Every structure is written in C-alpha cells, then in structure tokens.
Amino acid sequence: MKLKYFSPCHRQIGSFDSSIPDFKRYWEEQLNLDVKRHLCAGYVLLTDSEDDVIGYFTLSQNSVERDRDDNEKGTYVRTPATLLGRLAVNKKYEKQGYGKELIKSILNLHLKVSRTIGSAVLILKPLEEARGFYNRLQLFSDYGGYLCIKTKKIKRFIEELEKSRLTIIDVS
C-alpha cells in the first residue's frame, strides 16, 4: 500500500465506489475542488501497483470551543484542532482492515502537524452511517460537539503501535 497526496490523476485510477453515497459523490465531484482551493489536504491509499484506490481521507485546520473541564488548555477560549473531514474506503476493500490503516496514518500525520503549527486535538463529525466504525475503534471521545482524540493520547497510541511493530504508512 502507498499513501500519496491527492492529485486529480488519482481519480482516473481504477474505480472508486463507496457504500456511503456521500463519499462517492465527494470523490467524484468535490475533493479536487477542495484541494485546489486549499480547503483541505487530500490523501489517497493506493494498491502496491498503484492501479487502484483503496481509500482516501481529508485533513484541514480548525478549532473547537475549549472544554471547560479541560484545564490543560489554560485560559484559551478555543482549542486548535486538526479536522478529519472525510475518510472513505473503496467498497471492494471494505472489512479488510484498511480503515484502521488509514486511521493510523491520520494519527501519524496529525502528530507531525501538531509539531509544526500546533494542534491539541484531532476532531471529526462522522456521518451517522460511519459512526459505528469510529465507535468500534474506542479511540475517540466527545469534545465540543465533535468526536476527538487528544494529541497526548495519539502519542501514546503511536508508541504502542511501534512497540507492537505494526506498520504506520507514511506519505510518499
């Protein structure tokens, strides 16, 4: 598997379909525009031979209202965040662990971003159809109307993955 920055040429590789219609529509109609407008960074997971798209995701910067019970963030009103906008796996690759592989890559990218520009949490607002996937991961908690995982928890999670020698796919 190869994780790459999204390029319009990736839409010509294989065929992307999703059991969630919004994800297919976004792939076909919106992703390229959002990347061109710098509204998000898009990433695609390709097969080793780069002839098919396994899945994709988008990341952008955001902020959320600070959880008043979270004293770690000081007196700031808002908490800097990385927003996971979309995460989709091609229908023919569903239920094969690729969603988890994408999550590991997203967490790794979030850590890199947080070192560069500061981001205390990774947040997402999943579609109702996708919520079960995130709940099964047991990584995310509610935070300011989003599902989130704090950067500190991501660091510990990545360290555990490295100890168990699970592969973290990096962008090439």
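For the structure given in this document, a descriptive report is provided here.

With that settled, consider the overall build of the chain. Per the secondary structure count, the chain includes four helices and seven strands. Listing every helix and strand of the chain by position from the N terminus yields β-α-β-β-β-α-β-α-β-β-α. Per-residue burial for the chain yields a buried fraction of 47% across its 172 residues. Pairs at least 24 apart in sequence give 66% of the contacts found in the chain among residues at least 6 apart. Surface summary for the chain: the accessible area is close to 9,400 Å², and the carbon and sulfur share equals 48%.

Below, the discussion takes up the environment of Y56. Tracing the backbone shows Y56 in strand 3 (residues 53-65). Residues Y56 and F16, spaced 40 residues apart in sequence, show a C-alpha to C-alpha distance of 9.7 Å. Not counting residues up to four positions away in its chain, the partners in contact with Y56 are F16, F23, Y26, W27, L31, Y43, V44, R86, L87, A88 and L102. Polar side-chain contacts of Y56 include one of 2.7 Å to the backbone oxygen of F23.

What follows is about the side chain of S60. Looking at the secondary structure, you find S60 in strand 3. Excluding its chain neighbours within four sequence positions, the residues that come into contact with S60 are L39, C40, A81, T82 and L83.

Quick look at the pattern of salt bridges now. Taken as a whole, this structure holds 11 salt bridges when the rule is applied. We note a salt bridge from D17 to K24, for which the minimum N-O separation is 3.8 Å. Assessed through its relative accessible area of 27%, D17 is described here as partly exposed. Accessibility expressed as a relative area gives 28% for K24, which makes it partly exposed. Between E29 and R25 there is a salt bridge, with the nearest N and O atoms lying 4.0 Å from each other. One end of the pair is E29 and the other is R25, both in helix 1 (residues 21-36) and four residues apart, which spans about a single turn. Judged by its relative accessible area of 47%, E29 falls in the partly exposed class. A residue is classified by how much of its surface remains accessible, and R25, at 31% relative accessible area, is partly exposed. Counted as one network, the salt bridges with shared partners bring together D17, K24, E28 and K91.

What follows is about the nonpolar core. For soluble globular proteins, nonpolar side chains are generally found buried alongside one another. Within the largest apolar cluster, 42 residues are counted, with the highest numbers of intra-cluster contacts made by F57, L84, I103, Y134 and F140. Residue contacts for I103: discarding those within four places in its chain leaves L84, L87, F133, Y134, L137, L139 and F140. Counting residues in hydrophobic clusters, the runner-up holds eight residues, among them L83, V121, I123 and C148.

Attention now moves to the packing of aromatic side chains. Taken as a whole, this structure holds 10 aromatic pairs when the rule is applied. With centroids separated by 5.3 Å and ring planes inclined at 35°, the aromatic side chains of F16 and W27 adopt a geometry described as tilted. Here F16, found in the loop between strand 1 (2-5) and helix 1, pairs with W27, found in helix 1; they are 11 residues apart in sequence, far enough to count as distant. Here F16 matches W27 in class, with each residue buried. Ring centres of W27 and Y56 lie 5.3 Å apart, and the angle between their planes is 35°; on these two criteria the pair is classed as tilted. Separated by 29 residues along the polypeptide, W27 in helix 1 and Y56 in strand 3 bring together distant segments of the chain. The class of W27 is buried, set by a relative accessible area of 4%.

Let's shift gears to the pairing of strand 2 (residues 41-46). Here is the key point about a regular strand: its side chains alternate between the two faces of the sheet. Within strand 2, five of the six residues are buried, leaving the element largely enclosed by the surrounding structure. Bridge count for strand 1 against strand 2 is four bridges, and the pairing is antiparallel. Following the sheet pairing, L3 is matched in strand 2 by L45. The pairing of strand 2 with strand 3 spans six bridges and is antiparallel. Opposite G42, over in strand 3, you have T58 as the bridge partner.

Thresholds applied
- Residues numbered from 1 in each chain as written.
- Predicted model: local features only at pLDDT ≥ 70, side-chain atom pairs only at ≥ 80, totals over all residues.
- Heavy atoms only, no water.
- Helix = DSSP H or I, 4+ residues; strand = E, 2+ residues; numbered from the N terminus.
- Buried < 20%, exposed > 50% of the residue type's maximum accessible area, 1.4 Å probe, protein only.
- Contact = heavy atoms within 4.5 Å.
- Areas by Shrake-Rupley, 256 points an atom, 1.4 Å probe, with all protein chains shown as cover.
- Polar contact = N/O pair within 3.5 Å; in protein donor to acceptor, adjacent residues only side chain to side chain.
- Salt bridge = Lys/Arg side-chain N within 4 Å of Asp/Glu carboxyl O.
- Core = buried A, V, L, I, M, F, W, Y, C linked by side-chain atoms within 4.5 Å.
- Phe/Tyr/Trp six-rings, centres within 6.5 Å; stacked < 30°, edge-to-face > 60°.
- Pairing = 2+ DSSP bridges.

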